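Topology and contacts: notes
Read off the chains here:
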Amino acid sequence: MYAQMVKSEAADDSAEAQAFQARIDAGDKIEPKDWMPAGYRKTLIRQIGQHAHSEIVGQLPEGNWVTRAPTLERKAILLAKVQDEAGHGLYLYCAAETLGVSRDELTEMLLDGRMKYSSIFNYPTLTWADMGAVGWLVDGAAIMNQVPLQRTSYGPYSRAMIRICKEESFHQRQGYDIMMKMAGGTEAQKKMAQDALNRFWYPSLMMFGPSDKDSVHSTQSMAWKIKMNTNDELRQKFVDQTVPQAEYLGLTVPDPDLTWNEEKGGYDFSEPDWSEFYDVLKGNGPCNTERLADRNKAWDDGKWVRDGLLAHAEKRAARKVAAE
Ligand code: BYC
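Described below are features of the structure shown in this document. Remember, it's a predicted structure, so these values are computed and weren't measured experimentally.

1. Describing the nonpolar core
By size, the foremost hydrophobic cluster in this structure holds 50 residues, and its most contacted members are Trp 128, Trp 136, Leu 137, Phe 200, Trp 201, Phe 238 and Val 239. Secondary structure elements with two or more residues in this core: helix H5 (72-97), helix H6 (103-111), helix H7 (129-149), helix H8 (155-183), helix H9 (187-206), helix H11 (231-249) and helix H12 (274-284). No other element matches H7, which puts 9 residues into this core. Setting aside residues no more than four positions away along its own chain, Trp 201 makes contact with Leu 137, Phe 238, Val 239, Thr 242, Val 243, Val 253 and Pro 254. Listed in part, the 26 residues of the second largest apolar core include Ile 48, Leu 106, Met 115 and Leu 149.

As structure tokens, then:
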């Protein structure tokens, strides 16, 4: 549906739309009060909203390990990381709000399944090594995708990404640090690290979205500089960056066809199982039901806080009016 809508709105060849495209081509930032095509606005709301939801839902698989982290230091670090993700969600919801959608509307669309969040968060975190793999691979993939988004054409999104990327770098390092400890530990720990890599490798590759030939939005989003690279370009960069890191850990990437291709200056690697990806998107991943149930419960449990804050704000406003 979105694809059709964006396509028809992108076909807008009015003078306004042409001037808008010229601004994008010249590298201008678009700000909230500037004129923008309806399709540009809708695509941004979809992408920023989905991104914000991913940060919030992304707290769940790691939050699962805060109470079970092996040391006080690891607990404090993990807690700080999970809190950072909440902050990222908030910056992104604020950026989306500048486009005329409220955070409550976006939340409702997440909770009733109308909006997506990243497929990766529908996989379980079974062992402590998974905290390493998530930080190393999932945050690593996130950085690969988000660093170019610092140059995205929409001002509030690009500025949110600058801060988010700084924090994501710390997240990636903390994940790799856990992997270093585990991979250099006892046989059992090394096995656990390898098992985490085995389970998170292909789901991490899926984070970049479908292969370019199946990507619905890439062409228009790249013309508008909402996306700066294609899905396959970023996936390739991620593989090229991550394989030597796995080698340094003494772990094996679970891809028997992984080979260095001298000519292209990058690795040839196996595609993820795209039927699994689409199945997860349809709601059939291992944890989809659990994740949405958890977010719905948190929303319902927080109702008294929202009601209290609203009642307080109304009282203050009424007092102000009475005093005037
Ligand atoms: N998961 O035309 P395409 C994080 C959907 S947060 C689910 O290529 P697009 C982190 C796509 O929405 C990570 N859905 O789409 C947080 C579209 O469906 P709709 C999130 C996916 O938008 C906490 C359809 O497939 N990062 O890293 O041009 C802790 C066709 O795809 C996925 C962002 O959101 C997926 N993986 O490109 C740790 C970054 N991939 O909407 C880490 C910003 C595709 O038409 N987003 N779909 O129904 C983007 O850069 C782009 O939206 C994507 C997809 C590259 C993800």
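2. Looking at empty space enclosed by the protein
A full pass over the atoms with the stated rule returns 1 cavity of 30 Å³ or more. Of the voids in this model, the largest cavity is the one considered here, and its volume is about 30 Å³. Contributing to the lining of the largest cavity are Pro 61, Ile 120, Phe 121, Tyr 123, Thr 125, Val 134, Val 138 and Phe 200. Looking at side-chain class alone, the lining of the largest cavity contains 7 nonpolar, 1 polar and no charged residues.

3. Details of helix H2 (residues 15-25)
Within the span of H2, buried status applies to Ala 17, Phe 20 and Ile 24. In a view along the axis of H2, the buried residues occupy a sector of 60 degrees, so they form one face of it. Exposed residues on H2 whose side chains face more than 90 degrees from its buried face are Ala 15, Gln 18 and Asp 25. Taken together, the buried residues of H2 touch helix H3 (38-57) and helix H10 (218-223). Among the residues trailing H2, Gly 27 stands out with phi positive, at a value near 85 degrees.

4. What to know about the packing of aromatic side chains
Taken as a whole, this structure holds 10 aromatic pairs when the rule is applied. For the pair Phe 20 and Tyr 40, a centre-to-centre distance of 4.8 Å together with 75 degrees between the ring planes defines the contact as edge-to-face. Residue Phe 20 is located in helix H2, and its partner Tyr 40 is located in helix H3; the two are separated by 20 residues in the primary sequence. Seen in terms of ring centroids, Phe 208 and Phe 238 are 5.5 Å apart; in terms of plane orientation they differ by 50 degrees. Their pairing is tilted. Of this pair, Phe 208 sits in the loop between H9 and H10 while Phe 238 sits in helix H11, and the two are 30 residues apart along the sequence. Grouping residues by exposure puts Phe 208 and Phe 238 together as buried. Put simply, the rings of Phe 20, Trp 35, Tyr 40 and Trp 224 touch in pairs and so form one group of aromatic residues. The positively charged end of Arg 68 is found above the aromatic ring belonging to Trp 65, 4.1 Å away from the centroid. Above the plane of the ring of Trp 299 lies Arg 306, whose end atom (NZ or CZ) is 3.5 Å from the centre.

5. Thoughts on the site of the ligand
Inspection of the region around the ligand gives 32 residues, with Lys 116, Ser 215, Val 216, His 217 and Lys 227 positioned closest. Between the ligand and Gln 50 there is a distance of 2.9 Å, counted from an oxygen atom to a side-chain nitrogen or oxygen. One nitrogen or oxygen atom from the main chain of Ser 119 is found 2.9 Å from a nitrogen atom belonging to the ligand. Contributing elements (two or more residues each) for the shell around the ligand: H3, H5, H7 and H12. Class assignment of the residues belonging to the shell around the ligand gives a composition of 13 nonpolar, 12 polar and 7 charged.

Analysis parameters
- Residues numbered from 1 in each chain as written.
- Predicted model: local features only at pLDDT ≥ 70, side-chain atom pairs only at ≥ 80, totals over all residues.
- Heavy atoms only, no water.
- Core = buried A, V, L, I, M, F, W, Y, C linked by side-chain atoms within 4.5 Å.
- Buried < 20%, exposed > 50% of the residue type's maximum accessible area, 1.4 Å probe, protein only.
- Helix = DSSP H or I, 4+ residues; strand = E, 2+ residues; numbered from the N terminus.
- Contact = heavy atoms within 4.5 Å.
- 1 Å grid on protein atoms, 1.4 Å probe; cavity = no way out; pocket = protein on both sides within 12 Å on 5 of 7 lines; lining within 4 Å.
- Points joined across faces, edges and corners; volume = space filled by probe spheres on them.
- Nonpolar A, V, L, I, M, F, W, Y, C, P; charged D, E, K, R; others polar.
- Arc of directions from axis to C-beta.
- Phe/Tyr/Trp six-rings, centres within 6.5 Å; stacked < 30°, edge-to-face > 60°.
- Lys NZ or Arg CZ within 6 Å of the ring centre and 35° of its normal.
- Near = heavy atom within 4 Å.
- Polar contact = N/O pair within 3.5 Å; in protein donor to acceptor, adjacent residues only side chain to side chain.

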